[in-house]
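The residues making up each chain are set out below.
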Number of protein chains: 2
Amino acid sequence: MKNAIGREIPDELLVNAEPYKGNYALDGVEYTKPGPTVRASIKPQESKIAGSLRDAIVQCGLKDGMTVSFHHHLRDGDYVINLVMKEIEALGIRDLTIAASSVGTAHDPVAKMIEDGVVTGLQTSGIRGRMGEAVSNGKLRTTAILRSHGGRVRAIEQGEVHIDIAFIGAPTSDEYGNARGTGGKSDCGVLSYAMVDAKYADKVVIVTDTLMDFPNFPPSIEAVDVDYVVVVDSIGEPKKIASQAARMSQDPRDLMMAENCVRVMAATPYFKDGYSFQAGAGGPSLAVYRFLEPLMIERKIKMRWAIGGITQPTVDLLNKGLIQCVVDAQDFDIGAVRSVHENPNHYEISTSQYANPMNKGAFVNKLDFVILAALEIDTDFNVNVVTGSDGILRGAPGGHPDASAGAKCTIIVTPLVRGRIPTVCERVVTVTTPGDSVDVLVTDYGIAVNPARQDLIEALSAHKIPLSTIDALKDKAYSMVGRPDDLEFFDRIVAIVEARDGTILDIVRQIKPYEL
Amino acid sequence: MKNAIGREIPDELLVNAEPYKGNYALDGVEYTKPGPTVRASIKPQESKIAGSLRDAIVQCGLKDGMTVSFHHHLRDGDYVINLVMKEIEALGIRDLTIAASSVGTAHDPVAKMIEDGVVTGLQTSGIRGRMGEAVSNGKLRTTAILRSHGGRVRAIEQGEVHIDIAFIGAPTSDEYGNARGTGGKSDCGVLSYAMVDAKYADKVVIVTDTLMDFPNFPPSIEAVDVDYVVVVDSIGEPKKIASQAARMSQDPRDLMMAENCVRVMAATPYFKDGYSFQAGAGGPSLAVYRFLEPLMIERKIKMRWAIGGITQPTVDLLNKGLIQCVVDAQDFDIGAVRSVHENPNHYEISTSQYANPMNKGAFVNKLDFVILAALEIDTDFNVNVVTGSDGILRGAPGGHPDASAGAKCTIIVTPLVRGRIPTVCERVVTVTTPGDSVDVLVTDYGIAVNPARQDLIEALSAHKIPLSTIDALKDKAYSMVGRPDDLEFFDRIVAIVEARDGTILDIVRQIKPYEL
């Protein structure tokens, strides 16, 4: 059947799942949270340090068919997934499901384990590199599930994903498992994704390269949830964990789009003292800060809170007092990591607090503005951030669908075309954020407002912001680069894109090899 | 049958429970934690503020027979239990169980609700005042359950107590329910007991008298767990919430006992740089700090962490750098409350982190020393801190059994007699901390070491600390004030004293009125 955004969802997938019905359709649903099965430690033990990663895996009782989880705060510098999976493979354990907050090129070695049947299930937000290719080419024996950051927490907190063992790479830990995102030699700032895993996994293993005196406080992960601590030489490559701050884009096109985003923001009733804000880490999104700063000073208004993946431009405004506090679920650069240490108004939050749609109210529910990028956006305002123009998985829903659904004003900023590929199109390859969560599209060729938001159309018009329609923008894109050929897929479904509420938003089929 | 400490536990109580089998008997037990039944808030809502306490109670769906929970961080100054129970009574709802971390004289009005059947179940650590009298006199229609602080968390985290609605008095909250123990006009420092309730209760209502801007961070209680916020005029009487620091005892007897406690500590192998420590809030326990300070300076050692109910003397040593950090589950005076705000090395922890015996390792498991008081201690080292010499409930197991079971060296400090009542006796009226958790008794007439701790007997002897036996101390007490008459009880069991692991440690029977 077709779901609420017109995507055909095969019946066999709807046995245990519902089709997407709209962004707030499940509001108010009641459910009972699951709990982990744990082992009581009544008798005092001085330390939980295991002799090796292998010892910890064995002592946790890992068996064929189980689910292991990982986080991606160490980003492209992560060593933990490969270290753990190598030990698991060496132990001869197979048929595992990886439930990760994201996987990428750092985990290319795991692609082979997918082909070999060591890994037969994959649940993740991001998927890139050889793992993306392996899944797109049908190598994974089950259907992968792609979720937003909030959707991942939801699935855990609703019991759809049961984590047998969470392996949590932590920059610092004490011998009892109080672990922190800050400090050490592989500093990633926060451990927001892992905070959830630690509370719901049966077994929790901290993997660290820097052991601290007990108690290592305040902890991101509490020792009361930790079974074993493993000390390794290194959990990651610092240079790739937190990059130098991306230099603010000087591209005139990016700057023009960023300036237009701020014009849109300023035309809404939400742009007032105490507003809240999230921006993605893309060039035009980041450049928005450059135009926000003088306008906030001119209007004498401050941002009450900024959220999201945090970057240097956010931290700069925090330090200047233009942002009152930062709530942080992930750090993208050195400036953000450093700010977690240094600024008392920079707070770590769990991804449940950030974006779980099924708790009693996540931070995204209180967002005024979010500014995000897109690989594609179609004339129904549906956004794709996961499949490339070749149909291969190489992206991440991340917090995109969560912030979009929560914010009062969701702005997608993207150039109309990239190379020979139209960004604005008739039909995105894969929908990752549904159009009913998207309010405004800012491109280098014009601005379009979702017709569902007549209030915004009126507000922007009142501020003399010239508006286009998204169909006109699509036509413009097609006139520039032509209508792209449809991609060709096999029937086999390789991945499900879950909406953040657990319904099925879209599916990804196995790509047919490109033939000249 | 008789349990491991020789207390006769009637068979009818052993249908759903086990008798106490020793302090680490259940080590390693596996169980599945329960989860609350919650309502998803996907659609953004600006505020969770309810019009009134009554509105919140009604909207939460409170019904006859349900369980409501409260914490006692506001101590003798608490208004919240009475405010909530008055509204519940006015709504005509009956047959409720109160699951509180403690109740006391502040809640005398609830005693009448026990008699009237509004409250028919009571689970608490402390019980004093008219509620204690009501239960002791058989007015409660079911058997009350008394638990330690760690035992209370255990019961919640093992699903034995299911909280339908948690009413959490909070010094500050924002409109979304991010609540803190600090700030406002009814400052209690931390919300450690309530942190657990918020995670396991189906519905959570924050009751505050000070509304803060969103986000009120960092929160003790996270908005993601909160259904409603109710703003009232006052949640407590500040003077009674945090008392002025108790003046350090000048009583020569207290000082002599305190000095002996420190001599005992210094004679053990645990008294070295980096040691950990907890002391109760009684006069001799507090006076221990006075003797610890010069000795630590002389020996050039520091305390790594202090824990527990926190008091001014703890904070003084923290500020002097002799304690490196304080982990705090309750504040007993203004100095402790202020320190939570001011000292970055003073950390709030949940009572699960503090003392739950069934998680993967609580703080008490890593304790070197704990120094605690007793109403009575018998020749098997069993301690009573809950029933008075008249057999009436007027005390609290609190963290006593938890810290005693966890610490490497548990010292009970108490005068040999109080008035005409022997403290050291043949058989305590009620066992609240089992003797297998107690290592040393320090009195004003001598020191006795539990024979199970030959290592400590040798260590103390090597340091030429004169030792008595606990039988000799009991004989001395009886020679001074005579052997007390046995109290007389009816058959009816009015309260069960649970060991921290959930087994039955002892029972309390209905007291017979005293006849001249």
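In what follows, the structure referred to is the one given above.
Residues numbered from 1 in each chain as written. Chains lettered and ligands numbered in written order. Predicted model: local features only at pLDDT ≥ 70, side-chain atom pairs only at ≥ 80, totals over all residues. Heavy atoms only, no water.

Trainee: Can you explain the interface of chain B and chain A? Please cite residues and give values.
Mentor: Each partner contributes residues to the interface: chain B has 65 residues there, and chain A has 65 residues. Together, the buried faces of chain B and chain A total about 5,600 Å²; carbon and sulfur atoms form 56% of this surface. At the boundary of chain B and chain A, one finds eight salt bridges. One salt bridge in this structure joins A:Asp227 and B:Lys360, with 2.6 Å as the shortest N-O distance. Looking at the side of chain B that touches chain A, the elements with two or more residues in it are β1 (30-32), β2 (37-39), β10 (203-208), β13 (303-310), β14 (323-331), β15 (346-348), α12 (351-355) and α13 (400-406) of chain B. Here the residues of the side of chain B that touches chain A are counted per class, giving 31 nonpolar, 13 polar and 21 charged. Bridge count for strand β1 (residues 30-32) of chain A against β2(B) is three bridges, and the pairing is antiparallel. For A:Tyr31, the partnering residue across the bridge sits in β2(B) and is B:Val38. (Contact = heavy atoms within 4.5 Å. Buried area = accessible area lost by both parts, 1.4 Å probe. Salt bridge = Lys/Arg side-chain N within 4 Å of Asp/Glu carboxyl O. Helix = DSSP H or I, 4+ residues; strand = E, 2+ residues; numbered from the N terminus. Nonpolar A, V, L, I, M, F, W, Y, C, P; charged D, E, K, R; others polar. Pairing = 2+ DSSP bridges.)

Trainee: Please provide a residue-by-residue account of the relation of the copies chain B and chain A, values included.
Mentor: Between chain B and chain A, which share one sequence, the superposing operator has a rotation angle of 180° and an axial displacement of 0.0 Å; the RMSD is 0.0 Å. The superposition of one copy onto the other is thereby described by a two-fold rotation axis. No C-alpha of chain B approaches the rotation axis more nearly than that of B:Gly35, which lies at 2.8 Å. A share of 100% of the interface residues of chain B reappears at the interface of chain A, consistent with the copies meeting face to face through the same patch. (Least-squares fit on C-alpha atoms with pLDDT ≥ 70 in both.)

Trainee: Outline the pattern of salt bridges, supporting the account with residue identities and numerical values.
Mentor: A full pass over the atoms with the stated rule returns 55 salt bridges over all chains. Residue A:Glu222 is joined to A:Lys199 by a salt bridge in which the shortest nitrogen-to-oxygen separation is 3.3 Å. With A:Glu222 in the loop between β12 (203-208) and β13 (228-231) and A:Lys199 in helix α6 (residues 192-200), this residue pair connects regions lying 23 residues apart in the sequence. Three or more residues joined by partner-sharing salt bridges are found here, namely A:Glu46, A:Glu175, B:Lys366, B:Asp368 and B:Lys408.

Trainee: Which residues make up the side chain of B:Asp331, and what values do they have?
Mentor: Residue and element names in this part refer to chain B. Of note, Asp331 is situated in strand β14. Buried and unpaired, Asp331 has no salt bridge, with Arg75 as the nearest side chain of opposite charge at 9.1 Å. If near-sequence neighbours (up to four positions away) are discounted, Asp331 is found in contact with Arg75, Cys188, Gly189, Val190, Ile310, Ala336, Val337, Val340 and His346. (Buried < 20%, exposed > 50% of the residue type's maximum accessible area, 1.4 Å probe, protein only. Lys, Arg positive; Asp, Glu negative; His and termini not counted.)

Trainee: So what's going on with helix α9 (residues 283-299) of chain A? Residues and values would help.
Mentor: Residue and element names in this part refer to chain A. If you check α9, its first and last C-alpha atoms are 25 Å apart, about what 17 residues at 1.5 Å a residue would give, namely 24 Å. Along α9, the helix axis deviates most sharply at Leu292, where the bend reaches about 30°; the proline Pro294 sits within four residues downstream. Listed as buried for α9 are Pro284, Ser285, Leu286, Ala287, Val288, Tyr289, Phe291, Leu292, Leu295 and Met296. Of the residues one or two after α9, Lys300 is the one with positive phi, at around 60°. (Expected span 1.5 Å × (residues − 1). Bend = angle between axes of the 7 residues up to and from the residue.)

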